[in-house]
Amino acid sequence: MTAGTSVSGRRAALLLVDGARNDVFESLAEAGELPHIERHLLGPGGVTPATTVFPSTTGVAYLPFLTGCYPGTCDIPGIRWLDAARYGGDWWRNRDHVRNYCGYQGEKLNTDLPDGMRTVFDLVPDSLALCSPITRGLRDGRERVSFGRKFWGSLAHYTAGYGPLDRAVGQALCRLAPQRPRFVFAVFPGVDGVTHFHDPWHPAVLEMYRQIDGIVGAYADAGGFDGDHLTLLVSDHGLERVRRHTDISLALEAIGLPTLRHPILWRKDPEVAVMVSGNASAQVYFKPRVLRERRFHVAEIEAGALAGVPPTVIDYLAALPGVAMVVGTDDSGLTLISRLGRATLSETDCGRIAYRPDTADVLSLGAAGEYSDREWLARTLETPYPDAPVQLLQLFRSSRTGDLVVIADVGYDLRVEWEFPEHRSGHGSLIAAHMRCLVVSNAPLAGPVRTVDLFPLVLDYLGVPVPDGIDGVIPGKVST
Ligand SMILES: [Zn+2]
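Since the model is a prediction, treat every value here as computed from it, not as a measurement.

1. Structural notes on the pattern of salt bridges
- Going through the model one piece at a time under the given rule, you end up with 28 salt bridges.
- The closest approach of N and O atoms between Arg210 and Glu207, which form a salt bridge, is 2.9 Å. Here Glu207 and Arg210 lie together in helix α9 (residues 203-221), a separation of three residues that amounts to about one turn.
- A relative accessible area of 26% means that Arg210 is categorised as partly exposed.
- When its relative accessible area of 45% is taken as the criterion, Glu207 is described as partly exposed.
- In this structure, Arg374 engages Asp453 in a salt bridge whose closest nitrogen and oxygen atoms are separated by 2.9 Å. With Arg374 in helix α13 (residues 373-380) and Asp453 in the loop between β25 (449-450) and α16 (454-462), the pair connects residues that are 79 residues apart, well separated along the chain. The exposure classification of Arg374 matches that of Asp453, with both residues buried.
- Residues joined by salt bridges that share partners form a network here, namely Lys268, Asp269, Glu271, Lys287 and Arg289.

Structure below.
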């Protein structure tokens, strides 16, 4: 990718195949069913083992590619959240302090980011975005195939809409190829959209991967791979078959807790709010009527400090069918609670992360350990919860994250009862099938990588200074 010309002549493209599973992709590639991707990407480069961020949900999991930062750093902890410091209990007057990006608030993904955070569009003025829900920093007239309400709205409910939508993005990509923009970000929502209705290995899903391969071929014919370029084909998360649903809002109502939840944000005197992300994880906020600048700790909740909230509520949630774990905060870090027992995660004075199974090995890591951020990635890649120590800690950086985060187990989601249509496959959790994602590059990358690492990779390739304070590091320039 670096052969020849100066940095100024280089171009980069990030093609995001929403919801593409690395194992499904590799199976098709090995069968010779992705010949264009083989020729233009796998041949000169390859697949790099990779993880996304938690929560592993569409939109939120796009942020790393465009900012180099985790959702917790971006202060966008999920597809739905509540700002406990500002939501005062008036469901109408305070409606702007509760978020649901799957609706009219979708545009707020751009403005909810911290002031001063710069996107790749800010840093590379000659950028174009296709079908992207995040456009912050993009210059006027540089958006193609507007994402907008079309996606969050009705189209997402009909499988038939995804083939044409991906083709429309592909056609726009081919049209702009001769312009040679310095950076292109193109989103293909089809694999995610169709997989939600099926199994990840269903023939209709595989056909969407083959269609992407055809688009890559057409993009090559249009000159997309000419000259010095870095092209990445990536996904924002995987998906897994959902066999059962656990609605934790209904479970909380069943023990007498009035629960604020979407779609109707009216509940008389709610004791708790549940904000589901994508659909296999959820934020839980106690006393949503009470303005506060801090979270309620696990120890406080269990000491009965919250009037009207049973002190056993955390164990109750952790024991619900389909809940892998519940995570909350304490003075020294995070407490992880499963039906089998408890573990803790904390950051040490020397910047390492310590995992301590107290009464259960909640993260299934086999033993206690204290490692650096990058060491944890490599050590947990093949475990049931890849990169969990780092991903759980990053999420609680956001003040908008709940008092508790509830995480679904394999085969389950935390689907809300009003959702239509029912999803047969899902994502959003910390399990491997959701957290492992696809990273294909036309140049070999030192792995494993996280999706946050691709932002500095692209900037460095283009000769643009990488901003300080981001979470990603350039692959191959990693120190442990
Ligand atoms: Zn997605």
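2. Here's the deal with helix α14 (residues 388-395)
- Summarising burial for α14: eight of the eight residues are buried, a large majority.
- Listed in full, the buried residues belonging to α14 are Ala388, Pro389, Val390, Gln391, Leu392, Leu393, Gln394 and Leu395.

3. Quick word on a nonpolar patch on the surface
- Nonpolar side chains collect at one region of the surface, where Trp91, Trp92, Ile264 and Trp266 lie side by side and expose about 520 Å² of accessible area between them.
- Considering the arrangement of structural elements, one finds Trp92 in the loop between β4 (80-82) and β5 (98-100).

4. Things to note about the sheet that holds strand β9 (residues 229-234)
- Strand order in the open sheet made by the seven strands is β2-β24-β9-β1-β8-β6-β7, with mixed pairing throughout. Whereas interior strands pair on both sides, the edge strands pair on one side only; in this sheet they are β2 (46-47) and β7 (143-144).

5. What to know about the nonpolar core
- Residues Phe25 and Phe183 are the most contacted members of the largest nonpolar core, which totals 96 residues.
- Per-element tally for this core: the top contributor is α9, with nine residues.
- When residues are assigned to domains, this core turns out to be shared by domain 1 (7-239 + 431-462) and domain 2 (244-426), each giving three or more.
- Each residue touching Phe183, except ones within four places of it in the same chain, is listed here: Ala12, Leu14, Val120, Phe121, Val124, Asp126, Ser127, Leu128, Val458 and Leu462.
- Counting 31 residues, the second-largest nonpolar core is a separate cluster that includes Val327, Ala343, Leu345 and Met435.

6. Here's the deal with the coordination of the zinc ion
- The zinc ion binds to the protein through Asp18 (OD), Asp18 (OD), Thr58 (OG1), Asp236 (OD) and His237 (NE2), with metal-donor distances spanning 2.0 to 2.7 Å.
- A relative accessible area of 0% means that His237 is categorised as buried.

7. Observations concerning the environment of Thr312
- Mapped onto the fold, Thr312 is located in the loop between α11 (298-302) and α12 (313-318).
- Taking C-alpha positions, Thr312 is 6.3 Å from Glu302, a pair spaced ten residues apart along the chain.

8. Points about unusual backbone geometry
- With omega at 5°, the peptide bond leading from Phe54 into Pro55 counts as cis.
- Within the fold, Pro55 resides in the loop between β3 (50-51) and α3 (63-67).
- In this structure, the amide linkage connecting Gly447 to the following residue, Pro448, adopts the cis form with an omega of 0°.
- Among the structural elements, Pro448 can be located in the loop between β24 (439-441) and β25.
- Of note in this structure, Cys131 is not a glycine but carries a positive phi near 60°.

9. Regarding the sheet that holds strand β23 (residues 436-437)
- Strand order across the open sheet formed by three strands is β23-β3-β25, with mixed pairing between neighbours. With partners counted over all chains shown, the strands left at the sheet margins are β23 and β25, one partner each.
- When β3 meets β25, the two strands line up parallel, connected through two bridges. Bridged to Thr51 within β25 is Arg450.

10. So, the packing of aromatic side chains
- Applying the stated rule across the entire model yields five aromatic pairs.
- Ring geometry for Tyr62 against Phe185: centres 6.4 Å apart, planes inclined by 80°, an arrangement best described as edge-to-face. Placement of the pair is Tyr62 in the loop between β3 and α3 and Phe185 in strand β8 (residues 183-188), with a sequence separation of 123 residues.
- Overall, Phe185 belongs to the buried group, its relative accessible area being 0%.
- With a centroid separation of 5.0 Å and an interplanar angle of 90°, the aromatic rings of Tyr371 and Trp376 are classed as edge-to-face.
- Assessed through its relative accessible area of 3%, Trp376 is described here as buried.

11. Structural notes on the domain arrangement of the protein chain
- Once the domains are mapped, the protein chain shows domain 1 (7-239 + 431-462) and domain 2 (244-426).
- For domain 1 and domain 2, the distance between their C-alpha centres works out to 26 Å.
- The interface of domain 1 with domain 2 comprises 49 residues on the first partner and 53 residues on the second.
- Its largest share of buried area at the contact with domain 2, domain 1 owes to Phe54, Arg80 and Arg450, together 19% of the area lost on that side.
- Scanning the region where domain 1 abuts domain 2 turns up five salt bridges.
- Residues Arg450 and Asp387 are paired through a salt bridge, measuring 2.6 Å at the closest nitrogen-oxygen approach.
- Residues that form the side of domain 1 that touches domain 2 fall into these classes: 24 nonpolar, 15 polar and ten charged.

Reading the values: rules and limits
- Residues numbered from 1 in each chain as written.
- Predicted model: local features only at pLDDT ≥ 70, side-chain atom pairs only at ≥ 80, totals over all residues.
- Heavy atoms only, no water.
- Salt bridge = Lys/Arg side-chain N within 4 Å of Asp/Glu carboxyl O.
- Helix = DSSP H or I, 4+ residues; strand = E, 2+ residues; numbered from the N terminus.
- Buried < 20%, exposed > 50% of the residue type's maximum accessible area, 1.4 Å probe, protein only.
- Patch = residues over 30% accessible without salt bridge, like charges linked within 9 Å, V, L, I, M, F, W, Y side chains within 5 Å.
- Areas by Shrake-Rupley, 256 points an atom, 1.4 Å probe, with all protein chains shown as cover.
- Pairing = 2+ DSSP bridges.
- Core = buried A, V, L, I, M, F, W, Y, C linked by side-chain atoms within 4.5 Å.
- Domains from an automatic or database assignment.
- Contact = heavy atoms within 4.5 Å.
- Donors = N, O, S within 2.8 Å, 3.2 Å for Na, K, Ca; no water.
- Phe/Tyr/Trp six-rings, centres within 6.5 Å; stacked < 30°, edge-to-face > 60°.
- Buried area = accessible area lost by both parts, 1.4 Å probe.
- Nonpolar A, V, L, I, M, F, W, Y, C, P; charged D, E, K, R; others polar.

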